[in-house]
Amino acid sequence: MKKLLKYSLLLVSVTLLFTACKKEYLFGVDDVDVVQNSASKNNVKTTTEFVSIAYSDIYGSTIPQAYLTKLSLAYLAFGDKKLVEDIIIKNMLAAPGVQLPTQQAMLADVDLFVKNTYKKFYNREPGEFELWKMKQLIQADQTITPELIYYAFLTSDEYRYY
Amino acid sequence: MKRRNFLKTTGLAAAGVIAAPYILPSGRLFAASGNRKANHVVFCLFAGGVRNFESIQKAEGNIMPNMLVGNESISPDIAGAIPNLPIGGQRLQTQGTLFKEFRYAQGPTGHYNGHTTAITGRYNDVDLNLKSNPEYPTIFELYRKHNSPGQTALNAWWVSNQLGPYPALNYSKFPGYGADYGANYVQPTTMFDPNIGTVMGNPKQFSQAELAKASGYRDFLNNNFANQYTSGDAGVVNTAEDNYNLQQFLKGTYTDVAQGSLNNPWGIGQQNMNGDCYNILFAEKIIQQYKPELMVVNMQGVDIAHTNFTEYCANMRIADYAVWHLWQTIQSTPGMANDTILIIAPEHGRNLQANSIVDAYGRYALDHTSDQKSREIFCMVVGPPSVVNQNQVISAVQGESIDIVPTIADILGFASEIPGEAALPGSTLQAAFV
């Protein structure tokens, strides 16, 4: 009987202990943009990915299927893929509907333009050196246009990787 | 100056003069590594599976009157279906050597196998693998790697009339070779299709100064990124200068297509301008623009033989005219005229036994499934009289498909530079040459 009482008391104590310790925690997390570090980009985009992403970046809309089919054929039909891509990008930049900041807007806030351009095409922030150098390049030659800078990004090595 | 020093100085100067590069009559800065027979080779893979019966044996008459000597009339039952195309002046046969019993000796008589053999100089039994480059170096890589001095890809072209596996034949996956030494590849009837022109033919025209500025930015961006998108992943990458040059050429061709100036460029009627003709036409444009040292161009229109024998013969007649036109273009292009050797050979033949498909003229169709007849082909080597034996016919069984690559290497003077690991199993077609 004594033993039974002892175990009953122990059981009640443990139950009380656990229920008394139960506490809920709520964690608050700030919104974070998930961006990719350039060092982790080791995979070459497929031709379909490249063309589709470039179209979206240039026009702000999804590439039409017929357009994609034509470009995919052009890709197959010429051996120098870099050359084909250069022509594709130039054709896209020449067509109506290109979403470009004005030169005035770019020069009014070069810092913002550079950051936005890196985010748009590389899905990441520029590093400190990249930001400084790009600003220096733009400010040193204010005849440079956003279109030419976009063209440089779109035909750069990093843009071909993810 | 002391006598010893004088002798040393003059001796070095004399040695320098002897060893220094000099401009050759052909415009080359350096002498090639070996003795060249000619400075240009065009290899035409003729027609997509041609049986000796209908070609050089003329079983249906002389269907190839621009290539072959003879005026044998076409079989009456199909004569009306054969295009009445011009017959030029001197037949190609008289301007070179015809091997009447050439052989595609081993491996499946499939188009891709035949093309791969012709371009690598090795028989193979690979299955069609749409994304696979050949195992062994192509003639383009052998040329670009071992010819001295090395040439850019503008000097090596592979012009094919179909996509499928053919784009992969411009370079191999053989260690030490690959895209760095590959050929420029183009499939013109797709590339210059008017529909493709709507998305490729109107590029933004940046000025040279603008391109230089963009290049400066791109260089900075590339220098801050670890990976390089270059030869291999990006196919065969041309130099910046050649890239610019090529873009101007492509733009001009798109303009020609858009303006309709290529609708009937040879004056033989649009109905006769089939894919083979257009493939040869664009090959000619490349020849006129770049005067490449090495070009391989194919035709495959006769493959209609699987379902239509008469059309097979009709397309052979068109292919004959196209090759003649190609030779006229070569001979009228300064820099290539009288300095080019044209090699013509089908990739394989066709079966002895017909299949069960009958065409409108009551003729049975022909497949190619590795029977002995499908291994029997011809080869024609055409070139300047000082280099190629003229009007020579070799009727004995002599020469095979794997001999064409070493023959090209010999013509361009780099055969002896090919190292052991890439050594070719075939032999030069010596009988063709003076």
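Residues numbered from 1 in each chain as written. Chains lettered and ligands numbered in written order. Predicted model: local features only at pLDDT ≥ 70, side-chain atom pairs only at ≥ 80, totals over all residues.

Right, let's talk about helix H9 (residues 275–290) of chain B for a bit. Residue and element names in this part refer to chain B. Over its 16 residues, H9 runs 22 Å from end to end, which matches the ideal 22 Å to within 8%, given 1.5 Å per residue. Counting buried residues in H9 gives 12 out of 16 residues, a clear majority hidden from the surface. When we look at burial in H9, the residues that qualify are Asp276, Cys277, Asn279, Ile280, Leu281, Phe282, Ala283, Glu284, Lys285, Ile286, Ile287 and Tyr290. Its buried side turned inward, H9 meets strand S3 (156–159), strand S4 (184–186), helix H5 (188–191), helix H8 (240–258), strand S5 (294–298) and helix H10 (309–331). Just beyond H9, the residue with positive phi is Lys291, at close to 45°. (Helix = DSSP H or I, 4+ residues; strand = E, 2+ residues; numbered from the N terminus. Expected span 1.5 Å × (residues − 1). Buried ≥ 20, exposed ≤ 12 C-beta atoms within 10 Å, placed from the backbone. Contact = placed C-beta atoms within 7 Å.)

Contacts between the two partners involve 37 residues from chain A and, on the opposite side, 41 residues from chain B. For the side of chain A that touches chain B, the secondary-structure elements that each account for two or more residues are helix H3 (65–76), helix H4 (81–94), helix H7 (128–140) and helix H8 (146–154) of chain A. Grouping the amino acids of the side of chain A that touches chain B by side-chain chemistry returns 21 nonpolar, six polar and 10 charged. (Nonpolar A, V, L, I, M, F, W, Y, C, P; charged D, E, K, R; others polar.)

Turning our attention to the domain arrangement of chain B. As assigned here, chain B comprises domain 1 (1–31), domain 2 (36–189 + 262–432) and domain 3 (193–261). Measuring from the centre of the C-alpha atoms in domain 1 of chain B to the corresponding centre in domain 2 of chain B gives 44 Å. (Domains from an automatic or database assignment.)

Let's shift gears to the domain arrangement of chain A. All names here are of chain A. Under the domain assignment used here, chain A contains domain 1 (42–99) and domain 2 (100–162). Each of domain 1 and domain 2 has a C-alpha centre, and the two are 20 Å apart. Counting residues at the interface gives 13 residues for domain 1, matched by 10 residues for domain 2. Secondary-structure elements contributing two or more residues to the side of domain 1 that touches domain 2 are helix H2 (47–59) and H4. The leading source of residues in the side of domain 1 that touches domain 2 is H4, at four residues. Across the side of domain 1 that touches domain 2, the residue classes tally to six nonpolar, three polar and four charged.

Turning next to the sheet that holds S4 of chain B. Residues and elements named next belong to chain B. If you trace the eight strands from one edge of the open sheet to the other, you get S4-S3-S5-S1-S6-S7-S2-S8, paired in mixed fashion. Where the open sheet ends on each side, the last strands, each with one partner, are S4 and strand S8 (392–400). Across the sheet, the axes of successive neighbouring strands diverge by a mean angle of 15°, strand direction being ignored. Here S3 runs beside S4; their pairing, made up of three bridges, is parallel. Its bridge partner being in S4, Trp157 is matched across the sheet by Asn184. Along the sheet, helix H4 (residues 139–146) contacts S3 and S5; its crossing angle with S3, the most-contacted strand, is approximately 170°. (Pairing = 2+ DSSP bridges. Axes fitted to C-alpha atoms, helices over the stretch in contact; angles between N-to-C directions.)

Time to look at the confidence of the model for chain B. Residues of chain B with pLDDT of at least 70 account for 91%, and the chain-wide mean is 92. Counting interchain partners and residues more than four positions distant, the pLDDT-below-50 stretch residues 1–32 of chain B has 12 contacts. (pLDDT = per-residue confidence, 0-100.)

Residue and element names in this part refer to chain A. Relative orientation of the contacting elements H2 and H4 amounts to 25°, with a least axis distance of 11 Å. For the element pair H2 / H4, the angle class is roughly parallel. Note on packing geometry: the crossing formed by H2 with H4 is right-handed. Residue-level contacts link Phe50, Val51, Ala54, Tyr55 and Ile58 of H2 to Glu85, Ile88, Ile89, Met92 and Leu93 of H4. Here the residues of the contact of H2 with H4 sort into nine nonpolar, no polar and one charged. (Parallel < 35°, antiparallel > 145°, perpendicular 65-115°, else oblique. Left-handed = near helix turned anticlockwise from the far one by under 90°.)

Before going further, it helps to spend a moment on the pairing of strand S7 (residues 376–382) of chain B. All names here are of chain B. With seven of seven residues buried, S7 lies mostly within the body of the structure. Here S7 shows no split at all, with Glu376, Phe378, Met380 and Val382 on one side and Ile377, Cys379 and Val381 on the other all buried. Sheet topology note: the strand S2 (residues 96–103)/S7 ladder contains six bridges and is antiparallel. Within S7, the residue paired with Thr97 across the bridge is Val381.

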